[in-house]
Amino acid sequence: MESLVREEIAQAKADFVEVRWDELAWSKVAFQRDQLMALEESKEVGGIVRAMVGGAWGVALLTDPAELPTQVEEATRLARMASRHVQEPTGLADVPVEEKRHVAELQEDFRSVPLSRKRTQAEEYNKLILDFSPEIVSTSVRYTDTYRKNLYANSEGTFIYQEIPDVTLLLAAVARRNGDIQQAFETIGEAAGYELVQGQEKKAEAAAKRAVDLLSAEPVTGGTYTVILDQQLAGVFIHEAFGHICEADFLFRNPHMRQVMKLGRQFGAPMLNVVDDGFIPGARGNTLFDDEGVRRQKVYLIKDGVLSGLMHSRATAHKMGMEPTGNARSISWEHEPIVRMRNTYIEPGEATFDEMIKDINHGIYAKAAFGGQTMFEQFTFSAAYAHEIKGGEVGPMVRDVVLTGNVFHILQNIDMVGQDFQLIGGSGGCGKGGQMPLPVTDGAPHVRVNEVTVGGR
Amino acid sequence: MELLQQAARRAEAAELYVARRQGTTAVFDAGDLETVKSESVVGQALRLIADGKMGFAATTGTKAEGLVEAALVSAQHGDPALFGFHAGGDEPAVGVYDKETAGIPDDQLLSWGTQAVKAIHAEFPDVQVNVQLARGTVEVTLGNTASPPRTEERTYLAMEVEVEWVRENDIYSVGSSQAVRTVAQFDHQAVVADILRQLAWGKEIAPTPTGKQPVLFLPQATLVIYLPLLVGFSGMSVVLGTSPLKGKLGEQLFDPRFSLLDDGRLELGPRSASFDDEGIPTTRLSLVESGVVKGFFYDLRAAALAEAKPTGNGFKGGLLGGDFRTPPSPSPRHLIVGPGQGSLNEMIKEMGDGLIAQNVMGLGQGNIASGAFSNNVIGYAVRDGNVVGRVKNTMISGNTYELLRDGLRALGGEPEWIHGAVHTPPVLLDGVNVVTR
């Protein structure tokens, strides 16, 4: 494939052309209750050609290597057609030409672990959860691994081959008492080998116990509270509520938003530091070279409380006069790269958990996340479970905790950042522009926020 | 179907699914054409039964090398097959193809996109308009060792418009979309009109009415109410015991005015198909009639476990469908909510004071199975029967099952399609909890 790609790029009649070719091998084991829902090891290949003519993009997908020449022509034709309608041509920021091969090294390569062993492992976790209590009525245990061999080449001479491993485990329990149904889960995900998913019995039990405990929890009373977010939820918060609005494709064509997201603006207290980094050993979001062949940068989004960087593709960097940061990512060969996060986290601060909680008279300790969504300043995200805080102490468990608000207010209202930093890969991923799930990592220590709106009954 | 024969030689039974996608998508970003994309993609999935056990594997490309071996490995370690492949093939066809739609020129997509941008900018020059238009075909060939292969080519045409309106300390996002099978059904001006209505209603900011409020869910926002039902009426959830509707067949669980139908055989329906991804003829399936639970939707596996009849709802890719990589699972086609009476304006007058939910954020978060929802809402305050402006920082919460039983004040008389998947009138519910900061 390498020589075919080089040859077709050399012959393309566009201003710029790039070809990405993915070879994916994955396996999946999934149980729900006593049902084996998935057991497979599959492989696929696919490619995407992007051509630029007169500042407009043409894109063509293919699954058969023999179609590469016609799809390079097709992308060029579409770009030419589009160029006649474009008012403001897209430009690409200059980047160094790269020639690089990166082969992943895994402690225990999951590709050589037999499917039967993966099944047995998942089945054991499934049984642990099912046997935990008669109130556990169902489960969702899912193991996945993916090995992506990714080839990228463009007409500027960049040629990159990289291997990207990803392994995840979801351990979820569903408990039922009369008509009430509650669920709880634990997840792990890393750019790692099979060793990651072994010895996770404690997590399986934790999920089962929590699902049962939630049956006795009261729904939270809606209102405005001081909230302590645990590491996982704080990580989701910084990703969802703040990270997404630092993706330059979101604002680069909008003068108003560029004004709001102006570098140098004070966004929070001086102890607040937020980073998006393309490489942390073992992290799911690792992107040595992004899907435009750009080498990774570590970006400080907030440094000492001040907005100090955005995440860019080549097009957004060109438009805004900035440097590309290596954030142009796609979930697979089926999609063009868009500006995405990688490993995004709040750096640890100095507070201890005791210092955070001791003067909260009535608050919420919100833990783990079901998910989140943002609409620029407005965000909403749900805690998987929570506890009331009463008189400076962790009180009874509450459920259905959904947090919402304005990200700018919330960042200003973070008054304590903990020491106990954790990076969490999870088993899901990030969704944007119809591309879901993209492996990412979120991280944070415990964080305390004042005046958070909590939806409830 | 050469692969199917290869599989048949090494297994007791086999089923091959081949999807061939061809189409074009045009993307306008901030009012300007950004990308035109075309695809020529083949995906294949093989299920087989070897030594009585079920195996599955998927891949891309026409050659699909290694697919049979991969499915055999899966079967070797798999569980006993609960069902055999369907020996059908003579079901009546449903209209799913339109030649004119398959041949819409790329230029036509660009022209519709440009028109939409212009029409919105004519009334709201300062907003950022993103438009996506897509047309194409998906050809599905399904063959198994029990019956001859069948092929169905299906057309699609879809438009999605998103508008961001940024003013000092305020950002307002609205969206509207349409998904149809044929160009004759396509009404791009309706999408634009819907966007313009949302912008006009949201121009002013109004205080949120809080506490237990009547909330008028416009069709787009009704998804927050119906999402738990997608889980609840799935035959697999019933089998697994994660559906609150388990064991409730024949019981009156909803307001007598509420009815729900899954119609897989709607002529030229955006998600219609003559047969599902397991070869079972699609059906018209009543889920709720006059508030009484009437049925659940099944694929082959859930039907086998529940000892029920498959309903032709075994589709790949879960609720949204369309992905060759996953085995089929129970998925509704067109959820049709029976209408009531009255125009939207009459419903607003009838409500008097309350909240209109245009859309919600965070759809699907939370404990969906139980029926609970709690979402940030994009909506408008209503006072004395008039829309007075848009609310901010507002959350609505409640429980679908409770609200559709005790809180249904009115169903509107003018149903609309949402994402080509749900056909529903606006729904006015009493006693929805509304909080604001």
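In this text, all values refer to a predicted model and were calculated from it rather than measured experimentally.

Caption draft 1: Examining the overall build of chain A more closely. Helix and strand counts for chain A stand at nine helices and 25 strands. Computed over C-alpha atoms, the radius of gyration of chain A comes to 23 Å, within 12% of the 23 Å expected from 2.2 N^0.38 for 457 residues, which places it in the range of a compact globule. When the backbone C-alpha atoms are referred to their principal axes, chain A occupies close to 70 × 55 × 35 Å. Expressed as a percentage of the 457 residues in chain A, the buried residues total 64%. In chain A, once contacts between residues fewer than 6 apart in sequence are set aside, the share between residues at least 24 apart is 74%. The positive charge centre, built from 47 side chains, and the negative charge centre, built from 64, are 2 Å apart in chain A.

Caption draft 2: Region of interest: the interface of chain A and chain B. In this complex, chain A contributes 81 residues to the contact, which on the side of chain B involves 77 residues. At the surface where chain A touches chain B, the tally comes to eight salt bridges. Across the salt bridge formed by D106(B) and R77(A), the nearest N and O atoms sit 3.1 Å from each other. Counting across the chain A and chain B interface gives 38 residue pairs in polar contact (both at pLDDT 80 or more).

Caption draft 3: The packing of helix α3 (residues 115–130) of chain A against helix α4 (residues 201–216) of chain A, seen in detail. All names here are of chain A. Running from N to C, α3 and α4 point in directions that differ by 35 degrees, and their axes come no closer than 8 Å. The handedness of the crossing between α3 and α4 is right-handed. Taken together, the residues of α4 that come into contact with α3 (itself represented by Q121, Y125, L128 and I129) are E201, A204, E205 and A208. Split into classes, the residues belonging to the contact of α3 with α4 amount to five nonpolar, one polar and two charged.

Caption draft 4: Focus on the pairing of strand β10 (residues 274–277) of chain A. Residue and element names in this part refer to chain A. Burial along β10 is two-sided: the residues V274 and D276 and V275 and D277 are all buried. Two strands pair when backbone bridges link them, and β10 and strand β11 (residues 298–303) are joined in this way by four bridges, in the antiparallel orientation. Pairing of D276 across the sheet is with V299, part of β11.

Caption draft 5: Representation of the side chain of D290(A) within the structure. Residues and elements named next belong to chain A. Secondary-structure assignment places D290 in the loop between β10 and β11. For the buried D290, no salt bridge is present, and the opposite-charge side chain at shortest range is R342, 6.7 Å distant. Within the structure, D290 has its side chain in polar contact with the backbone nitrogen of N327 (distance 3.4 Å).

Caption draft 6: How the structure looks around the pattern of salt bridges. Residues and elements named next belong to chain A. A full pass over the atoms with the stated rule returns 56 salt bridges over all chains. Across the pair E2 and R101 runs a salt bridge whose closest N-O atoms are separated by 2.5 Å. Pair noted here: E2 is in helix α1 (residues 2–11) and R101 is in strand β4 (residues 99–102), with a separation of 99 residues, a long-range link. Taking relative accessible area as the criterion, E2 reaches 27% and is therefore assigned partly exposed.

Caption draft 7: Local environment of the domain arrangement of chain B. All names here are of chain B. What the domain assignment reports for chain B is domain 1 (2–201) and domain 2 (204–437). With centres defined by C-alpha atoms, the gap from domain 1 to domain 2 works out at 23 Å. With 43 residues of domain 1 at the contact, the number on the domain 2 side is 43 residues. Between domain 1 and domain 2 lies a buried interface of about 3600 Å² when both sides are counted; carbon and sulfur atoms form 58% of it. Counting the surface domain 1 buries against domain 2, the share from its top three residues, Y17, V94 and W201, is 20%. Across the contact surface, domain 1 and domain 2 share 18 residue pairs in polar contact (both at pLDDT 80 or more).

Caption draft 8: Region of interest: empty space enclosed by the protein. Scanning the model with the defined rule gives six cavities of 30 Å³ or more in all. Its boundaries defined by the atoms lining it, the largest cavity holds a volume of some 180 Å³. For the largest cavity, the lining is made up of 20 residues, of which D400(A), V401(A), V402(A), G366(B) and N367(B) are closest to its centre. Elements supplying a minimum of two residues to the lining of the largest cavity: β7 (180–190) and β17 (378–390) of chain A together with β15 (372–383) of chain B. Split into classes, the residues belonging to the lining of the largest cavity amount to eight nonpolar, nine polar and three charged. Empty space within the second largest cavity amounts to approximately 120 Å³. Along the wall of the second largest cavity there are 14 residues; nearest its centre are M375(A), Q378(A), I171(B), I378(B) and R390(B). Elements represented by at least two residues in the lining of the second largest cavity include exactly β6 (170–180) and β15 of chain B. Among the elements that take part in the lining of the second largest cavity, β15(B) stands out by supplying four residues, more than any other. Grouping the constituent residues of the lining of the second largest cavity by class yields seven nonpolar, four polar and three charged.

Caption draft 9: Seen up close, helix α4 (residues 106–123) of chain B. The end-to-end C-alpha distance of α4(B) is 27 Å, a good match for the 26 Å that 18 residues give at a rise of 1.5 Å each. Three or more residues of α4(B) are buried, namely D106(B), L109(B), L110(B), W112(B), G113(B), A116(B), V117(B) and I120(B). Relative to the axis of α4(B), the buried residues are bounded by an arc of 160 degrees and lie together on one face. Residues of α4(B) that are exposed and angled more than 90 degrees away from the buried face: K118(B), A122(B) and E123(B). In this structure, the buried side of α4(B) is in contact with α2 (68–83) of chain A together with β1 (13–29), β2 (32–50), β4 (128–144), β5 (147–167) and α5 (188–201) of chain B.

Caption draft 10: Here's a closer look at the packing of aromatic side chains. Residues and elements named next belong to chain B. One pass over the full model with this rule turns up 18 aromatic pairs over all chains. Note on F254 and F258: the rings are 5.5 Å apart at their centroids and 45 degrees apart in plane angle, and the pair reads as tilted. For F258, a relative accessible area of 0% translates into the label buried. Put simply, the rings of F233, F254, F258, F296 and Y401 touch in pairs and so form one group of aromatic residues. A cation over a ring is seen here: R167 above W165, with NZ or CZ 3.9 Å from the ring centre. One cation-aromatic arrangement involves R333 over F315; the distance from NZ or CZ to the ring centre is 3.5 Å.

Caption draft 11: Inspection of unusual backbone geometry at higher detail. All names here are of chain A. The omega angle of the peptide bond from M436 to P437 is -5 degrees, so this bond is cis rather than trans. Positionally, P437 belongs in strand β23 (residues 435–438). We note that D304 has phi near 50 degrees; this positive angle belongs to a residue other than glycine. Among the secondary structure elements, D304 is positioned in the loop between β11 and β12 (306–307).

Caption draft 12: Region of the structure containing α4(A). For α4(A), built from 16 residues, the straight-helix expectation of 22 Å at 1.5 Å per residue is met to within 8% by its first-to-last C-alpha distance of 24 Å. Every buried residue belonging to α4(A) is among A204(A), A207(A), A208(A), R210(A), A211(A), V212(A), L214(A) and L215(A), and all of these are buried.

Caption draft 13: Region of the structure containing the nonpolar core. Counting 56 residues, the largest nonpolar core has F237(A), F242(A), M261(A), L403(A) and L411(A) as its most contacted members. Considering every element that reaches this core, the biggest residue donor is helix α5 (residues 231–242) of chain A, with seven residues. Setting aside anything within four residues of it in sequence, one finds F237(A) in contact with L229(A), F242(A), F379(A), F381(A), I410(A), L411(A) and I414(A). The next biggest cluster of nonpolar side chains, apart from the first, holds 53 residues, and it includes L285(B), V337(B), L408(B) and V434(B).

Caption draft 14: Looking closely at the domain arrangement of chain A. All names here are of chain A. What the domain assignment reports for chain A is domain 1 (2–216) and domain 2 (219–455). Centre-to-centre separation of domain 1 and domain 2, based on C-alpha positions: 22 Å. In this assembly, domain 1 packs against domain 2 so that about 3600 Å² is buried in total across both faces, 53% of it on carbon and sulfur atoms. Summed over the shared surface of domain 1 and domain 2, the result is seven salt bridges. Between E88 and K319 there is a salt bridge whose closest N-O contact spans 2.4 Å. When residues of the side of domain 1 that touches domain 2 are traced back to their parent elements, those giving at least two are β1 (16–32), β2 (35–53), β3 (56–62), β4, β5 (136–154), β6 (159–177), β7 and α4. It is β7 that provides the largest number of residues to the side of domain 1 that touches domain 2, a total of eight residues. Grouping the constituent residues of the side of domain 1 that touches domain 2 by class yields 18 nonpolar, 15 polar and 17 charged.

Caption draft 15: Fine view of the confidence of the model for chain B. For chain B, per-residue confidence averages 94 on the pLDDT scale, and residues scoring 70 or more make up 98% of the total. Reported confidences for the modelled complex are a pTM of 0.95 and an ipTM of 0.93.

Quick notes on the rules
- Residues numbered from 1 in each chain as written.
- Chains lettered and ligands numbered in written order.
- Predicted model: local features only at pLDDT ≥ 70, side-chain atom pairs only at ≥ 80, totals over all residues.
- Heavy atoms only, no water.
- Helix = DSSP H or I, 4+ residues; strand = E, 2+ residues; numbered from the N terminus.
- Rg over C-alpha atoms; globule rule 2.2 N^0.38 Å.
- Buried < 20%, exposed > 50% of the residue type's maximum accessible area, 1.4 Å probe, protein only.
- Contact = heavy atoms within 4.5 Å.
- Lys, Arg positive; Asp, Glu negative; His and termini not counted.
- Charge placed at Lys NZ, Arg CZ, Asp CG, Glu CD.
- Salt bridge = Lys/Arg side-chain N within 4 Å of Asp/Glu carboxyl O.
- Polar contact = N/O pair within 3.5 Å; in protein donor to acceptor, adjacent residues only side chain to side chain.
- Axes fitted to C-alpha atoms, helices over the stretch in contact; angles between N-to-C directions.
- Left-handed = near helix turned anticlockwise from the far one by under 90°.
- Nonpolar A, V, L, I, M, F, W, Y, C, P; charged D, E, K, R; others polar.
- Pairing = 2+ DSSP bridges.
- Domains from an automatic or database assignment.
- Buried area = accessible area lost by both parts, 1.4 Å probe.
- 1 Å grid on protein atoms, 1.4 Å probe; cavity = no way out; pocket = protein on both sides within 12 Å on 5 of 7 lines; lining within 4 Å.
- Points joined across faces, edges and corners; volume = space filled by probe spheres on them.
- Expected span 1.5 Å × (residues − 1).
- Arc of directions from axis to C-beta.
- Phe/Tyr/Trp six-rings, centres within 6.5 Å; stacked < 30°, edge-to-face > 60°.
- Lys NZ or Arg CZ within 6 Å of the ring centre and 35° of its normal.
- Core = buried A, V, L, I, M, F, W, Y, C linked by side-chain atoms within 4.5 Å.
- pLDDT = per-residue confidence, 0-100.

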